[in-house]
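Fold and geometry: a report
Each chain, written out:
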Amino acid sequence: MDRGTRIAVLGAGLAGLTVAGLLQRAGFPVAVYEQSPSFSRIGAGIILGANVSKVLRRLDLEDAFAATGIRPDAFLSRAWDTGEQLYRLDFDADCEARFGGPFVNIHRADLHQLLQRPLAPGTIRFNHKLAGIDERSDGLTLHFENGASAEADIAIGADGIRSITREFILGNEEPRFIGRSAPRAVFPASRIKGDPIDDCTKWWAPDRHTLAYYMTPDRQEVYVMAALPMERWDGDGSPVKGDRDEFIAAFDNAHPDLKRAVEAAEDVTVWPIFDRPRNDTWYKGRVVLMGDACHAVRPFMAAGGSAAIEDAAILSRCIAEFGDPATAFARYTMIRIPRVADIQQISIANSWMHGPTETDWFFGYDACTVPLDRAIPEALCPNLQR
């Protein structure tokens, strides 16, 4: 598209900031509209692989990304009661060379702060919650709850699982509660009694699992997150304060290494886990969706953030390469939908790296070089034939 195309990004999460940075580097005027009045260090950990590192490389953030988080020595899967090792993926030099970049565990807020660096001053407009979109043949008018309005040629909805932009395309549809809650805690590693924990471990039980990992290179900050059965959730999807004793009791029969990590938690926050059924309608006219706004997934593959950042790379390339929104958005969805569908399937099954797993198609993916002029190769999307 013409480099004068005015682009509005709705939402300043990981996806929105990444696509804004890439589009500005390609020469487009971009404004990011964020509903929050400011940013703060909220959230918790996120696990990201070489597929994300290759995108951050294009923003000159790869080195800072790897230095801010921890490059874990391995990902381990262990049985929650016996401690048996079910799977191990070593993140050594050979692994980084094979996949084309480092693997990093990082606090989401630290990554969020890094992604603001490439943006031009004034790019982010705070306190702008979308209220509506008027589309004309020659552009868009965006209306916000604060009374402001803005003109744009195209709009990118990066406003999460409860996306208002999505409602413009698909109408009002509530996310689906999956019958699981996610208690989680962030705390100093010094609270863990005995030996240090492994860098990154997923503990598997028949009806629940737990992730425990460091988020900083000095291994001084730990994140523990569980997925536990829950019949219902009465609320709007916002987290609530959890009961530490109940959290610990959920792992009464756990292996000592897991119990040490769980018992170190201080303040526990409980999040409901929602997803959305697959829907392949990602754009309408001059408005397109990305990230959780169009493919919210269960966090059981730790791939939601990765998929959103991949979206940003492909979408920015399509906008830069093709001459009109319809062609750019159609090409973007053609490339992304099959891959994201695989991620959704695996996340629902909760089978990722439980045992021997083919990982090349996921971590080896490079959203910055995938051809835009043809269908995605089946090698990069194992379940393409469905």
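Criteria and thresholds
- Residues numbered from 1 in each chain as written.
- Predicted model: local features only at pLDDT ≥ 70, side-chain atom pairs only at ≥ 80, totals over all residues.
- Heavy atoms only, no water.
- Helix = DSSP H or I, 4+ residues; strand = E, 2+ residues; numbered from the N terminus.
- Buried < 20%, exposed > 50% of the residue type's maximum accessible area, 1.4 Å probe, protein only.
- Contact = heavy atoms within 4.5 Å.
- Salt bridge = Lys/Arg side-chain N within 4 Å of Asp/Glu carboxyl O.
- Axes fitted to C-alpha atoms, helices over the stretch in contact; angles between N-to-C directions.
- Left-handed = near helix turned anticlockwise from the far one by under 90°.
- Nonpolar A, V, L, I, M, F, W, Y, C, P; charged D, E, K, R; others polar.
- Disulfide = S-S within 2.5 Å.
- Pairing = 2+ DSSP bridges.
- Polar contact = N/O pair within 3.5 Å; in protein donor to acceptor, adjacent residues only side chain to side chain.
- Phe/Tyr/Trp six-rings, centres within 6.5 Å; stacked < 30°, edge-to-face > 60°.
- Parallel < 35°, antiparallel > 145°, perpendicular 65-115°, else oblique.
- Core = buried A, V, L, I, M, F, W, Y, C linked by side-chain atoms within 4.5 Å.

Let us look at the environment of I47. Considering the arrangement of structural elements, one finds I47 in strand β3 (residues 45-48). Relative accessible area serves as the criterion here: at 17%, I47 is assigned to the buried category. Each C-alpha atom of the pair I47 and Q116 lies 19 Å from the other, and the pair is 69 residues apart in sequence. With sequence-adjacent residues up to four places away left out, I47 is seen in contact with V104, N105, C200, L211, Y213, A302 and S306.

The next subject is the environment of A264. Of note, A264 is situated in the loop between α8 (256-263) and β17 (269-275). Excluding residues within four positions of it along the chain, A264 makes contact with F187, R191 and I192.

As enumerated under the stated definition, the model contains 24 salt bridges in all. Of the charged contacts, one joins D207 and R208 as a salt bridge, the two residues approaching to 3.0 Å between their closest N and O atoms. Taking the relative accessible area as the measure of exposure, D207 reaches 35% and is therefore partly exposed. Close ionic contact of D275 with R298 constitutes a salt bridge, the shortest N to O distance being 2.8 Å. In this pair, D275 sits in strand β17 while R298 sits in the loop between α9 (292-295) and α10 (304-321), placing the two residues 23 residues apart along the sequence. What makes R298 buried here is its relative accessible area of 16%.

Between two packed helices, the angle of one axis relative to the other and the distance separating the axes together describe the packing. Running from N to C, helix α2 (residues 50-57) and α10 point in directions that differ by 35°, and their axes come no closer than 9 Å. The interaxial crossing formed by α2 with α10 has left-handed handedness. Across the interface between the two elements, N51, V52 and V55 from α2 touch S306, I309, E310 and A313 from α10. When the residues that make up the contact of α2 with α10 are grouped by side-chain class, the tally is four nonpolar, two polar and one charged.

Okay, the state of the cysteines next. For the structure shown, the criterion picks out zero disulfides. Here C95 stays free of any disulfide, with the sulfur of C200 as its closest cysteine sulfur at 13 Å. You can call C95 buried: its relative accessible area is 5%. Note on C318: no disulfide assigned, nearest cysteine sulfur contributed by C368 at a separation of 12 Å.

Read from one edge to the other, the open sheet built from three strands follows the order β8-β9-β10, with strand pairing classed as antiparallel. On the outer flanks of this sheet lie β8 (130-136) and β10 (149-152), each paired with one strand and no other. Within this sheet the neighbouring strands show an average axis-to-axis angle of 20°, counted without direction. In the sheet, strand β9 (residues 139-144) pairs with β10 via four bridges, with the strands oriented antiparallel. Bridge assignment links L140 to a residue of β10, and that residue is A152.

Turning to the side chain of R78, a few remarks are in order. For R78, the location among the structural elements is in strand β4 (residues 74-79). Owing to a relative accessible area of 12%, R78 belongs among the buried residues under this scheme. In this structure the side chain of R78 is engaged in a polar contact, spanning 3.0 Å, whose partner is the backbone oxygen of G83. Contact partners of R78, with chain neighbours within four places excluded, come to G83, E84, Q85, L86, D198, T201, K202, W203, W204, H255 and D257.

The tally for this structure, following the rule as stated, stands at 17 aromatic pairs. Aromatic pair W80 and F251: ring centres 6.1 Å apart, planes at 70°, arrangement edge-to-face. Pair noted here: W80 is in the loop between β4 and β5 (85-90) and F251 is in the loop between α7 (244-249) and α8, with a separation of 171 residues, a long-range link. Classification of W80 by relative accessible area gives buried; the value is 16%.

Looking now at the packing of helix α1 (residues 14-25) against α10. Axis separation between α1 and α10 bottoms out at 8 Å; the angle between their running directions is 30°. In terms of orientation, α1 and α10 fall into the roughly parallel class. Pair α1 / α10 crosses with right-handed handedness. Residues A15, T18, V19, L22 and L23 of α1 form the contact with α10, whose participating residues are A308, I309, A312, A313, L315, S316 and I319. Across the contact of α1 with α10, the residue classes tally to ten nonpolar, two polar and no charged.

So, about the nonpolar core. Residues L142, I156 and I319 are the most contacted members of the largest nonpolar core, which totals 74 residues. Counting residues per element, this core draws most heavily on α10, which supplies eight residues. A44, I273, V297 and M301 belong to the second-largest nonpolar core, a separate cluster that totals 32 residues.

Any functional reading would require information that these geometric values do not contain.
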